[in-house]
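Fold and geometry: a report
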Amino acid sequence: MSDQQTIEVRGLSKRYRGARGQPDVEAVRGIDLAVGRGEVFGFLGPNGAGKTTTVRMLCTLLPISAGEATVAGVDVRRDAARVRERIGVALQEVGLDPTQTARELLELQCGLYKVPDPPARADELLGLVGLSDAADRLVRAYSGGMKRRLDLATALVHEPEVLFLDEPTTGLDPASRVTIWNEVRRINSTGTTVFLTTQYLEEADQLCERVAIIDDGKIVAEGTPDALKSELGSDVVTVGLQAAQHEAARAALSGVPSLDHITDAAEGLAVYVDDGAAAVPDIVRLLDETDIRPGAITLSRPSLDDVFLAATGRRIEGAVPAEAASK
Amino acid sequence: MNETLLLGRRAVREVWRIPAATIPALFIPVFFLVVNLGQVNKIFSPLHTPFLHGQHYVAFQIPVSLVFAVSSATSGLAMVTDIDIGYLDKLLAAPIRRTAIVWGRLGADLVRGVAVSAIVLAVGYAFGARVKSGATGVALLIVLSALWGVAYAGIAIAIALKTKNVQTTNASFLIFFPLLFLTPNFVPMDLLAGPLQTIARINPVTYVITGLRDLVLFHDIRWGSLGACVLTIVVTGVVLTWLSMRALATFAD
């Protein structure tokens, strides 16, 4: 493993035995990954793509079927116990015992990780995640956002080298989501490498220095969000249209100068052009000439969803685009 | 603090904060005790029933109630909950001996077993049962009953880890019904019908009940029955705890 890489994965695969009479399922198919020290790395993909399976293998919770993985310099297959000492884990399912208070859970977690002075460390973490006032309340009375913050705190008791976060904001309201994002930034600023899975495109855009996009168990794109989007090379002009207008509009817009390609979008059509600002007047004119009255016309840069579309030919099912996530 | 003690303390807090998980396990044996006494107390009078050794029938029945009360699926059900809420994953991702997860649960079973046994004994005392072997006998009754609860808990934990299912885990409690009733629980062994006597002789629960019963009925400690009781508890505990440890070791496979 290179000194600069905290996580290195080669040919990682996971095969689940099929149910009676069913074929085996290959959830992860020989992926390669390299995550640099101190990086926030995003692992992006639709539900069922293999994100959680990959994280569970790297966290030693799931046996690896084939391939190699090192985390914090330790071989995951050969020395799982040492990997566990170096990582913090907050999985998709918030793993908190509802019959305990936040303070009790944190002190217990400190004890399990042999952290000196558990009460002091628990106090410090409760303050950091803004739960000091609710520290002695049973977790069952917590809101979803509070549980997420506490779960994050339990993963940090031993100041891990690598923090795995599996969909840390799924199901949270926008305000709680932003709180978690800020907390992830703060954790990363202390030097902790963060490996984050998400299906929220804006989350990856906001937090991650680099992302890998996984689909059907394979990595389909990898790089910085900007580089991946720049590879598409186009601006996107989204034209609001009725479904019945699509065909005629598509024909009319084929005459737009510097057109790259046109795809269907939720609101109408997405027109990919080299220079969006210059293309908008042409788009309006061409639609007007064919008597099509468009709804809203918006100009944007390609999103990670567009990157996914380019790599796989379809949108991330269930993904929340940037605009929706930030509302 | 040792990781087993930490996890045991957490499990004890859980037991304390969810009394609904313990009360039914306590209520059912006490209910059976009261109903059984109501039905047969007049048949088995202390004066004319030699196997009671001068005690009321409740003294003969109290060991059955003790064993019944501590043989619960509570730890297995708590393990299923830990799996469901993702807390077991958090423990499995921690740098601890995985066996500590099971030992912690069993530690809570020991504490619960002591409390439940003391309550059942108190109920028996209220109905007229007296422990003839005195304070030593009372202490042995409580500790051995609690240890039997710990030994038996392994089966529910193993089922929970293998099936991750509440209903199936609860079945470990149902398995105990035939084990409990295919014993000399109402009358001594020599009064059982032939086939039932044969089954009772190979049923380990027989030796637990008989050992506990002798502590209640006799002044002197009967080392033979006590030894068989302890040996049964140890062997059952080793086998079932090993099964639960193995189920945890292969949990993710």
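Here's what I pulled together on the structure shown here. (Residues numbered from 1 in each chain as written. Chains lettered and ligands numbered in written order. Predicted model: local features only at pLDDT ≥ 70, side-chain atom pairs only at ≥ 80, totals over all residues. Heavy atoms only, no water.)

Let's talk about the sheet that holds strand β13 (residues 268-273) of chain A
Residue and element names in this part refer to chain A.
- As summarised here, the arrangement of the four strands in space is β12-β13-β11-β14, forming an open sheet in which the pairing is antiparallel. On the outer flanks of this sheet lie β12 (259-264) and β14 (297-300), each paired with one strand and no other. Here the strands of the sheet are splayed against their neighbours by 20° on average, with no regard to which way each runs. (Pairing = 2+ DSSP bridges. Helix = DSSP H or I, 4+ residues; strand = E, 2+ residues; numbered from the N terminus. Axes fitted to C-alpha atoms, helices over the stretch in contact; angles between N-to-C directions.)

Description of the interface of chain B and chain A
- In this complex, chain B contributes 23 residues to the contact, which on the side of chain A involves 31 residues.
- Between chain B and chain A, the buried area comes to about 2,300 Å², and carbon and sulfur atoms account for 55% of it.
- The largest per-residue losses of area from chain B upon contact with chain A belong to B:Arg17, B:Lys90 and B:Pro95, which jointly make up 27% of the total buried on that side.
- Our count for the chain B to chain A interface comes out at six salt bridges.
- Put simply, B:Arg17 and A:Glu104 hold a salt bridge, and the shortest N to O gap is 2.7 Å.
- There are 10 residue pairs in polar contact (both at pLDDT 80 or more) connecting chain B and chain A. (Contact = heavy atoms within 4.5 Å. Buried area = accessible area lost by both parts, 1.4 Å probe. Salt bridge = Lys/Arg side-chain N within 4 Å of Asp/Glu carboxyl O. Polar contact = N/O pair within 3.5 Å; in protein donor to acceptor, adjacent residues only side chain to side chain.)

Quick notes on the nonpolar core
- Ranked by internal contacts, the top residues of the largest apolar core, which has 106 residues, are A:Phe164 and A:Phe195.
- B:Phe51, B:Tyr57, B:Leu212 and B:Phe218 belong to the second-largest nonpolar core, a separate cluster that totals 52 residues. (Core = buried A, V, L, I, M, F, W, Y, C linked by side-chain atoms within 4.5 Å. Buried < 20%, exposed > 50% of the residue type's maximum accessible area, 1.4 Å probe, protein only.)

Observations regarding the sheet that holds strand β5 (residues 74-75) of chain A
Residues and elements named next belong to chain A.
- Taken together, four strands build an open sheet; the order of strands is β2-β1-β4-β5 and the sheet is antiparallel. Of all the strands in the sheet, just β2 (25-36) and β5 have a single pairing partner and so form its edges.
- Pairing between strand β1 (residues 5-16) and strand β4 (residues 66-71): five bridges, direction antiparallel. By the bridge assignment for β4, Ile-7 is matched with Val-71.

Let's talk about the layout of surface pockets
Residues and elements named next belong to chain B.
- Each pocket or cavity is described by its volume, and for the second largest pocket that value is around 460 Å³.
- Considering the residues around the second largest pocket, the lining is formed by 28 residues, among which Ala-21, Ala-73, Thr-74, Leu-77 and Ala-78 are closest to the centre.
- Among the elements of the structure, α1 (3-17), α2 (23-40), α4 (74-85), α6 (99-126) and α8 (166-181) are those that each provide at least two residues to the lining of the second largest pocket.
- Broken down by element, the lining of the second largest pocket gets its largest block of residues, seven residues, from α4.
- Among the residues forming the lining of the second largest pocket, the class breakdown is 15 nonpolar, seven polar and six charged. (1 Å grid on protein atoms, 1.4 Å probe; cavity = no way out; pocket = protein on both sides within 12 Å on 5 of 7 lines; lining within 4 Å. Points joined across faces, edges and corners; volume = space filled by probe spheres on them. Nonpolar A, V, L, I, M, F, W, Y, C, P; charged D, E, K, R; others polar.)

Observations regarding the packing of helix α3 (residues 102-112) of chain A against α1(B)
- Axis separation between α3(A) and α1(B) bottoms out at 9 Å; the angle between their running directions is 160°. Comparing the axis directions of α3(A) and α1(B) gives the class roughly antiparallel. Considering how the two elements wind past one another, α3(A) and α1(B) form a crossing that is left-handed. Here A:Glu104, A:Leu108, A:Gly111 and A:Leu112 of α3(A) lie close against α1(B), whose contacting residues are B:Glu3, B:Leu6, B:Leu7, B:Arg10, B:Arg13 and B:Arg17. (Parallel < 35°, antiparallel > 145°, perpendicular 65-115°, else oblique. Left-handed = near helix turned anticlockwise from the far one by under 90°.)

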